[in-house]
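Now for the letters of each chain:
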Amino acid sequence: MSVDPSLLTPYKNTTDNASLRQISEDAFYVVNEVVMRRLGHVPILKGDFHLLSPKVQRFVAEKAELMRPRGIFICDGTQHEAQEIIDKLVERGMLSPLKAYENNYICRTDPKDVARVESKTWMVTPDKYQTVCHTAEGVDPIMGHWMSPTQMADELDGRFPGCMAGRIMYVIPFSMGPIGGPLSKIGVQLTDSNYVVLSMRIMTRVCPSVWDALGDNDFVRCIHSVGLPRPVKQKVVNHWPCNPDRVLIAHRPPEREVWSFGSGYGGNSLLGKKCFALRIASNIAKDEGWMAEHMLIMGVTRPNGKEHFIAAAFPSACGKTNLAMLEPTLPGWKVRCVGDDIAWMKFGEDGRLYGINPEAGFFGVAPGTSKKTNPMAVATFQKNSIFTNTAETATGEYYWEGLEDEIADKNVEITTWLGDKWHIGDPGVAAHPNSRFAAPAEQCPIIHDKWQDPQGVPIEAIIFGGRRPQGVPLVFETKSWLHGIFTGSFLKSEATAAAEHTGKSVMHDPFAMRPFMGYNFGQYLQHWIDLNKPGRKVPQIYHVNWFRRDKDGKFLWPGFGENIRVIDWILRRLEGEEGSGHETPIGTVPNKGSLNLDGLGEVNWDELMSVPAAYWKEDAKEVRKFLEQQVGPDLPAEIRKEMEEQEKRIEALEKDA
Ligand code: GTP
Ligand code: SPV
Ligand code: MN
């Protein structure tokens, strides 16, 4: 079934939301007629179109007119609905059950569609500098990737007309955050990928009561297509339709809209996640005075029974899920997870910062996850989960790098993510390094009682961190809110497999938001600065580095459950403990003996905690160059001042012994 091109509505001609949204309710019946005409003969396969609000009806109808699906399926998010889709996908070979568990499935993608594609992800604003900073001449901005509205219209017109031909268009109502909560927001995603439907059901709250909570209000519009209309012209690999050469992920912040084409994977296609909850939401947050950040939220209860909430921003694949579910090795400590990837935070009437996890599931990195490193994640994905691009054993278990010691039969035959037969010890890897599990948060044994509290939990500390093989101590405390913001602005990390970057170069990733920046980074810094109003208690800001290496390349710190020892130090600092740290040019570093190292074995304290003068002198130069070139005149004066003061402190450092 192909579509006569003359019948296709270009994107540019769709009346599109902004203008239609203005139409008064008096004109409703006229609009209704237009809606029905646009819907044309596209049948509603499931759900009642007439129960949708007029705004949703218009959205669905105009996009159906544009993308020409063979039918429309309005999702209700039930287990029954999911099971029908699963059965269909199993029959087709796209999913297969992992027989060792209850309702767990594995999926292998086209090997060309395995991670977020940062180079094809764009922010579309009328003025370029709403998106990017005034960078130095000849310097490409690395934060924010701008496209003009006219170019976007061309790009969309080259892709979306007729792109769902022969496929079903699913309509997914979803809430980010507890439905109807004061910090929550609603989106509607259209997609032709049933894998996306199944994943969105795990990762967000999908159910008919979202329509009730929405009423006739506006919502974030999410339009996604795998970009392969039927009949397909290219070979579909692994029953995973996608169009890697034509990938485009475009955001229109003023319109609160996301268009995604060509990829079915993770952050490219589960539009509630990075596209909505970070790139679009950070714009809403700026307008409304709150924060949308790439942060986990954890509750930590000390042996004295007192609980503290901490948020932490690490770049992709740098340890958020692991920290959020940490199993403490110190006796008497308890960690409970509120969220593992995204935090929406707003100051309350009492002046404290309250955070919610807008997601409902975990989309976690599989390799490295084991009973030893993250037992709580392992417990979470024993059922009702989807594993993408992991390997599978002949006995129906998942497998990936890091499970060598835990697998029952070490000689078992394994099918790699590419479908090849493989055994432990064979060359190469079994799972893709960015293979992931999607699991419902409520299945986490240590999920916090308040993880769905619509008011959120009070955040006392914010931690930044990244993979820093050299020079950066295990932990330091920043001097003030402003110094903490400056520290966030020069956050760096080794590249990981979460996006298309190759190699392990250390890259800038300010606030762990580089790939997710929704607007001009200078304005983002200013927004953080402005949040510190009189009467508010801003969190104390820390920096950690679990990934410092010795001269043989070995990690100096055991990490994972042992990270509780660092959290302990942080909480004691928060309570004003004296004598636990000494000032260095970058902040306060633990004094020897101030970290509980009981039972840890040998730790090379000096190497782990040192602030080497030579390293930081070079680093300070590089940071200045980065901020001057990348942020330029958009850099707030307060942050420039923090930079200059830190430079002076570093300059005064004695040469390394
Ligand atoms: P995204 O989901 O991409 O945002 O990643 P994330 O920040 O949640 O990272 P995650 O916790 O999934 O960890 C990524 C990888 O780092 C996994 O392979 C972990 O096993 C490894 N990792 C996490 N914490 C530690 C740690 O403390 N030390 C070491 N050495 N590795 C860690
Ligand atoms: C990340 O890359 O930070 C993720 C995975 O959390 S994705 O959803 O693909 O963005
Ligand atoms: Mn992430």
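Residues numbered from 1 in each chain as written. Chains lettered and ligands numbered in written order. Predicted model: local features only at pLDDT ≥ 70, side-chain atom pairs only at ≥ 80, totals over all residues. Heavy atoms only, no water.

Trainee: Residues and numbers for helix H7 (residues 194-203), please.
Mentor: Given 3.6 residues per helical turn, the α-helix brings residues three or four places apart onto the same face. For H7, a buried count of nine out of ten residues is recorded, marking the element as mostly surrounded by other parts of the structure. Asn-194, Tyr-195, Val-196, Val-197, Leu-198, Ser-199, Met-200, Ile-202 and Met-203 are the residues of H7 that are buried. (Buried < 20%, exposed > 50% of the residue type's maximum accessible area, 1.4 Å probe, protein only. Helix = DSSP H or I, 4+ residues; strand = E, 2+ residues; numbered from the N terminus.)

Trainee: Can you tell me about empty space enclosed by the protein, naming the residues and giving the values?
Mentor: Taken as a whole, this structure holds six cavities of 30 Å³ or more when the rule is applied. Along the wall of the largest cavity there are 16 residues; nearest its centre are Pro-315, Ala-495, Thr-496, Asp-509 and Arg-514. Residue assignment for the lining of the largest cavity shows that the elements contributing at least two residues are strand E27 (492-494) and strand E28 (506-508). For the lining of the largest cavity, the per-class residue count stands at six nonpolar, five polar and five charged. Empty space within the second largest cavity amounts to approximately 70 Å³. Taken together, Phe-486, Phe-490, Trp-616, Asp-619, Ala-620, Val-623, Arg-624, Met-643, Gln-646, Glu-647 and Ile-650 make up the lining of the second largest cavity. Where the lining of the second largest cavity is concerned, the elements lending two or more residues are helix H17 (613-630) and helix H18 (637-651). Looking at which element gives the most residues to the lining of the second largest cavity, the answer is H17, with five residues. (1 Å grid on protein atoms, 1.4 Å probe; cavity = no way out; pocket = protein on both sides within 12 Å on 5 of 7 lines; lining within 4 Å. Points joined across faces, edges and corners; volume = space filled by probe spheres on them. Nonpolar A, V, L, I, M, F, W, Y, C, P; charged D, E, K, R; others polar.)

Trainee: Pulling in residues and values, what's your account of the site of ligand 1?
Mentor: Near ligand 1, the surroundings consist of 22 residues, among which Ala-317, Lys-320, Asn-322, Pro-367 and Arg-436 are the closest. A distance of 3.0 Å separates an oxygen atom of ligand 1 from a polar atom in the side chain of Asp-341. Between ligand 1 and the protein, one listed contact pairs an oxygen atom with a side-chain N or O atom of Asn-563 at 3.0 Å. Against a free-state accessible area of 660 Å², the protein chains account for coverage of 93% of ligand 1. At the level of elements, helix H11 (320-324) and strand E18 (361-365) are the ones that each hand at least two residues to the shell around ligand 1. (Near = heavy atom within 4 Å. Polar contact = N/O pair within 3.5 Å; in protein donor to acceptor, adjacent residues only side chain to side chain. Areas by Shrake-Rupley, 256 points an atom, 1.4 Å probe, with all protein chains shown as cover.)

Trainee: Which residues make up the packing of helix H4 (residues 79-92) against H7, and what values go with them?
Mentor: Look at H4 against H7: their axes get within 10 Å of each other, and the N-to-C directions meet at 140°. As judged from the angle between their axes, H4 and H7 are oblique. Note on packing geometry: the crossing formed by H4 with H7 is left-handed. On the side of H4, the interface is formed by Gln-79, Ala-82, Ile-85, Ile-86, Lys-88, Leu-89 and Arg-92, while H7 contributes Asn-194, Tyr-195, Val-197, Leu-198 and Arg-201. (Axes fitted to C-alpha atoms, helices over the stretch in contact; angles between N-to-C directions. Parallel < 35°, antiparallel > 145°, perpendicular 65-115°, else oblique. Left-handed = near helix turned anticlockwise from the far one by under 90°. Contact = heavy atoms within 4.5 Å.)

Trainee: For the sheet that holds strand E10 (residues 248-252), give the residues involved together with the corresponding values.
Mentor: Across the sheet, nine strands lie side by side as E1-E2-E7-E8-E9-E11-E10-E5-E6; this open sheet has mixed pairing. Of all the strands in the sheet, the pair left with one neighbour each is strand E1 (44-46) and strand E6 (146-147). One ladder, built from four bridges, connects strand E2 (residues 71-74) with strand E7 (residues 168-176); its direction is parallel. Considered in E7, the bridge of Ile-74 is made with Val-171. Packed on one face of the sheet, helix H3 (residues 54-67) meets E2, E7, strand E8 (185-191), strand E9 (220-225) and strand E11 (257-261) and runs near 25° to E9. Helix-sheet contacts for helix H10 (residues 272-288) involve strand E5 (121-124), E7, E8, E9, E10 and E11, and the interaxial angle to E8 is about 145°. (Pairing = 2+ DSSP bridges.)

Trainee: How would you sum up the UniProt feature "domain: Phosphoenolpyruvate carboxykinase C-terminal P-loop" (unreviewed entry) in the chain? Please name residues and give values.
Mentor: UniProt's feature table lists "domain: Phosphoenolpyruvate carboxykinase C-terminal P-loop" (unreviewed entry) at residues 290-649, given in the numbering used throughout. Within the segment residues 290-649, helix and strand shares are 22% and 23% respectively, and the terminal C-alpha atoms sit 33 Å apart. (UniProt positions renumbered as here; feature names shortened; annotations may be inferred.)

Trainee: Which residues make up the layout of surface pockets, and what are the values?
Mentor: The space that makes up the second largest pocket amounts to roughly 470 Å³. Lining the second largest pocket are 24 residues, with Gln-79, Arg-201, Ile-202, Pro-440 and Glu-442 positioned closest to its centre. Taken together, the elements giving at least two residues each to the lining of the second largest pocket come down to H4 and H7. Class assignment of the residues belonging to the lining of the second largest pocket gives a composition of 13 nonpolar, eight polar and three charged.

Trainee: So what about the domain arrangement of the chain? Which residues, and what values?
Mentor: Examined at the domain level, the chain breaks down into domain 1 (74-78 + 120-288) and domain 2 (293-359 + 448-656). When each unit is reduced to the centre of its C-alpha atoms, the spacing between domain 1 and domain 2 is 30 Å. Taken together, the 38 residues of domain 1 in the interface contact 37 residues of domain 2. For the domain 1 and domain 2 pair, buried surface summed over both sides reaches about 3200 Å², with 60% attributable to carbon and sulfur atoms. Joining domain 1 to domain 2, the criterion identifies three salt bridges. (Domains from an automatic or database assignment. Buried area = accessible area lost by both parts, 1.4 Å probe. Salt bridge = Lys/Arg side-chain N within 4 Å of Asp/Glu carboxyl O.)

Trainee: Describe the nonpolar core, listing the residues and the values that go with them.
Mentor: Of all hydrophobic cores here, the largest spans 168 residues; its most connected members are Trp-344 and Trp-528. Of all the elements, H10 adds the most residues to this core, at eight residues. For this core, the domains that each give at least three residues are domain 1 (74-78 + 120-288) and domain 2 (293-359 + 448-656). Ranked by size, the runner-up nonpolar core spans 38 residues in total, among them Val-35, Leu-66, Ile-72 and Trp-122. (Core = buried A, V, L, I, M, F, W, Y, C linked by side-chain atoms within 4.5 Å.)

Trainee: Can you lay out the sheet that holds strand E4 (residues 105-107) for me, pointing to particular residues and giving the numbers?
Mentor: Strand order in the open sheet formed by five strands is E3-E4-E19-E24-E18, with mixed pairing between adjacent strands. In the strand order of this sheet, the two ends are held by strand E3 (95-97) and E18, each with one partner. Taking the axes of each pair of neighbouring strands and ignoring which way they run, one obtains an average angle of 20° across the sheet. One ladder, built from five bridges, connects E18 with strand E24 (residues 436-440); its direction is antiparallel.

Trainee: I'd like a description of H17, backed by residues and values.
Mentor: Here H17 spans 25 Å end to end across 18 residues, near enough to the 26 Å set by a 1.5 Å rise per residue. Within H17, the full set of buried residues consists of Ala-613, Trp-616, Lys-617, Asp-619, Ala-620, Val-623, Phe-626, Leu-627 and Gln-630. Backbone geometry just downstream of H17 places Gly-632 in the positive-phi region, at approximately 55°. (Expected span 1.5 Å × (residues − 1).)

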